[in-house]
Amino acid sequence: MKSLFKKSTYILPVAMLLFACGGKETKKATTIVETKTSKTKILEIEKAQLKFGFIKLTDMAPLAIAKEKGFFEDEGLFVSVEAQSNWKNVLDRVIDGQLDGSHMLAGQPIAAGAGFGRQAKLVTPFSMDLNGNGITVSNDVWSKMKPHVPKDKDGKPVHPIKAEALKPVITEYKNSGKAFKMGMVFPVSTHNYEIRYWLAAAGIHPGMYTKANVQGQIDAEVLLSVTPPPQMPATLEAGTIHGYCVGEPWNQQAVFKGIGVPVVTNYDIWKNNPEKVFVMTQKFIDENPNTAVAVTKALIRAGKWLDKPENRKEAVKILSMSQYVGAPEAVLANSMTGTFEFEKGDKRDMPDFNVFYKYNATFPFYSDGIWFLTQMRRWGQIPDAKPAAWYANTIKDIYRPDIWKKAATLLVEEGYIPSTDIPTTDGFKPATADFIDGTKYDAKDPLGYINSFKIGNKDK
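Structure report, in brief. (Residues numbered from 1 in each chain as written. Predicted model: local features only at pLDDT ≥ 70, side-chain atom pairs only at ≥ 80, totals over all residues. Heavy atoms only, no water.)

## Some words on helix α1 (residues 61-68)
The element α1 is extensively covered by neighbouring structure, given that six of its eight residues are classed as buried. Among the residues making up α1, those that are buried are Ala-61, Pro-62, Leu-63, Ala-64, Ile-65 and Ala-66. A positive phi of about 80° marks Gly-70, the residue just after α1. (Buried < 20%, exposed > 50% of the residue type's maximum accessible area, 1.4 Å probe, protein only. Helix = DSSP H or I, 4+ residues; strand = E, 2+ residues; numbered from the N terminus.)

Here is the structure:
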């Protein structure tokens, strides 16, 4: 392919000359061609026709925007974007080659390379967003939690709400001989690890996995099970579960329907945590290296566009389309435009609930991937102790900041992003304590982090 992409706009003004005194009407049509040269330097694309998958969640936004704003087209890519039924289907279709890539749970490519679930060589060159999830409980559970939640001077609940307020409710269910059930979207989802982290920080055991038992409910005080994201509100309303952890818009949907109350967001569980990733197979990357870079370029541009506040209303309108998330604009806007509604009428400013670009949100940090590995080890999905070096070596085969940097360097040359937006890092974030229980996370010392857990496996 050529390294120049042109967009032409044709303007057809009609000049009409009227002659008086019985003269004839004469029409002249003039075509003016206005040629705009794109700044994009198109690579030698190995595969231009691509099919990508996604689940109907707000954080699929970079895919929708890259398509609708022409960023894929700028790269010489012709992309179709198709909704999938559930996360297992997403994983299987990428591995089997039915999809060239997909919006995916960050834990999925990691588990596929680390020995839990279906095994495959998958690659993450792009992180799709930060934050974006919440934990919602039914109205009945909230009414029983609320007396145990601290109030501010105006009588409003003090946030973040910790799981200590849920303890008496769980005890009441236990004493009545009832199981307390909550939903999450997939065994290796951020949502599973976030709800477990939130519960465990309050001393509530969310259950363990073993080689023989992959339900994750051994010794559990709260029974966690899988429910596809769009089905969460209906499952809660039916009473099958008493709460859930999910991405938007399905927490806000519970508020709008009047069936549940979000009590905490994952921003409060782990500040600016990574959420979804974009995934392709190693085989696809090997056979189509320029295509992989071009896709990453388009997605980085989409992330940057999304994080301009003036673009969020347009993004909401795009996401509300039936071929994307398909939720009402009002529901999507409740979290996408800088606010988040908890109890009905309790809408609070939360500008960083959905982050798509700032804080290096699109960069696939090794340290983010290692956190998922530590959680898999913590809850028994990785059943055997591993040496510290295993964590770093494993993630470097899956998270590919080198592909991201190739894409970003080209975007700098093309003038789409400043060079200061490229992290000067070895792929590891500094150790932080931005967790709801104050735990310090150091990805370069995964065993020390694992051994700090109050509940879960330890590798002493």
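After that view, the rundown keeps rolling.
## A closer look at the environment of Ala-179
Along the chain, Ala-179 falls in the loop between α6 (167-175) and β11 (181-184). Sequence separation of Ala-179 and His-242 is 63 residues, and the distance between their C-alpha atoms is 9.8 Å. Discounting residues that sit within four places of it in the chain, Ala-179 has contacts with Tyr-173, Leu-223 and His-242. (Contact = heavy atoms within 4.5 Å.)

## Thoughts on helix α3 (residues 87-95)
Taken across its nine residues, α3 has seven buried, putting it largely inside the fold. Those residues of α3 that are buried are in contact with β6 (78-83), β7 (101-105), α4 (107-114), β8 (122-127) and β15 (276-281). A distance of 3.1 Å separates the backbone nitrogen of Lys-88 from a side-chain oxygen at the start of α3, and that oxygen is part of Asn-86. Phi turns positive, to about 85°, at Gly-97, one or two residues after α3. (Polar contact = N/O pair within 3.5 Å; in protein donor to acceptor, adjacent residues only side chain to side chain.)

## Things to note about the sheet that holds β7
Within a beta sheet, neighbouring strands are joined by backbone hydrogen bonds and run either parallel or antiparallel to one another. Spatially, the five strands line up as an open sheet ordered β6-β5-β7-β15-β8, and their pairing is mixed. Among the strands making up the open sheet, the edge pair consists of β6 and β8. The average angle at which neighbouring strand axes cross in this sheet is 30°, direction not considered. Here β7 pairs with β15 via four bridges, running antiparallel. Note on β15: the bridge partner recorded for Ser-102 is Val-279. α4 rests against β7, β8 and β15 of the sheet, and its axis sits at about 90° to β7. (Pairing = 2+ DSSP bridges. Axes fitted to C-alpha atoms, helices over the stretch in contact; angles between N-to-C directions.)

## Overview of the nonpolar core
Among the nonpolar cores identified, the biggest contains 89 residues, and Met-145, Leu-166 and Trp-198 are the most heavily contacted of them. When residues of this core are assigned to their parent elements, the largest contribution, seven residues, is made by helix α7 (residues 190-201). In contact with Trp-198, not counting residues within four places along its chain, are Ile-135, Ile-161, Lys-162, Ala-163, Leu-166, Val-263, Val-264, Ile-269 and Ile-436. Ranked by size, the runner-up nonpolar core spans 56 residues in total, among them Leu-50, Ala-66, Phe-126 and Phe-278. (Core = buried A, V, L, I, M, F, W, Y, C linked by side-chain atoms within 4.5 Å.)

## A word on the pattern of salt bridges
All told, the structure shown has 27 salt bridges when counted by the stated rule. Here Asp-384 ties to Lys-211 by a salt bridge, and the two come within 3.6 Å at their closest N and O atoms. A residue pair is termed long-range when its members are at least 10 positions apart, and Asp-384 in the loop between α15 (366-378) and α16 (388-396) and Lys-211 in the loop between α7 and β12 (223-226) qualify at 173 residues. The class of Asp-384 is partly exposed, set by a relative accessible area of 40%. When its relative accessible area of 65% is taken as the criterion, Lys-211 is described as exposed. Between Arg-312 and Asp-307 there is a salt bridge, and its shortest N-O distance comes to 3.0 Å. (Salt bridge = Lys/Arg side-chain N within 4 Å of Asp/Glu carboxyl O.)

## Notes on the environment of Tyr-197
Relative to the elements of secondary structure, Tyr-197 occurs in helix α7. Sequence separation between Tyr-197 and Gln-375 is 178 residues; the distance between their C-alpha atoms is 9.0 Å. For Tyr-197, the contacting residues outside a window of four places in its chain are Ile-269, Trp-371, Gln-375, Arg-378, Phe-435, Ile-436, Asp-437, Thr-439 and Tyr-449. Side chain to side chain, Tyr-197 and Thr-439 meet in a polar contact 3.3 Å long.

## Some thoughts on the packing of aromatic side chains
The final tally for this structure, using the stated rule, is 22 aromatic pairs. On the numbers, 4.9 Å between centres and 80° between planes, the contact of Phe-52 with Phe-278 is edge-to-face. Taken together, the positions of Phe-52 in strand β5 (residues 49-54) and Phe-278 in strand β15 put the pair 226 residues apart, joining distant regions of the chain. Overall, the relative accessible area of 0% leaves Phe-52 in the buried class. Overall, the relative accessible area of 0% leaves Phe-278 in the buried class. Aromatic pair Tyr-193 and Trp-371: ring centres 6.4 Å apart, planes at 80°, arrangement edge-to-face. Of this pair, Tyr-193 sits in helix α7 while Trp-371 sits in helix α15, placing them 178 residues apart in sequence. The class for Tyr-193 is buried, based on a relative accessible area of 0%. Each member of the aromatic cluster is reached from another via a ring pair, and the members are Tyr-193, Tyr-197, Trp-270, Trp-371, Phe-372, Phe-435, Tyr-441, Tyr-449 and Phe-453. Positioned over the ring face of Trp-379 is Arg-196, at 5.2 Å from the centre of the ring. (Phe/Tyr/Trp six-rings, centres within 6.5 Å; stacked < 30°, edge-to-face > 60°. Lys NZ or Arg CZ within 6 Å of the ring centre and 35° of its normal.)

## Some words on the packing of α15 against α16
At a closest axis distance of 9 Å, the pairing of α15 and α16 adopts a crossing angle of 120°. Considering their axes alone, α15 and α16 lie oblique with respect to each other. For the pair α15 and α16, the sense of crossing is right-handed. Residues Tyr-366, Gly-369, Ile-370, Leu-373, Thr-374 and Arg-377 of α15 touch α16, and the partners they reach there are Trp-390, Tyr-391, Ala-392, Thr-394, Ile-395 and Lys-396. Along the lines of polarity and charge, the residues of the contact of α15 with α16 split into seven nonpolar, three polar and two charged. (Parallel < 35°, antiparallel > 145°, perpendicular 65-115°, else oblique. Left-handed = near helix turned anticlockwise from the far one by under 90°. Nonpolar A, V, L, I, M, F, W, Y, C, P; charged D, E, K, R; others polar.)

Remember that the coordinates give geometry; whether it matters functionally is a separate question.
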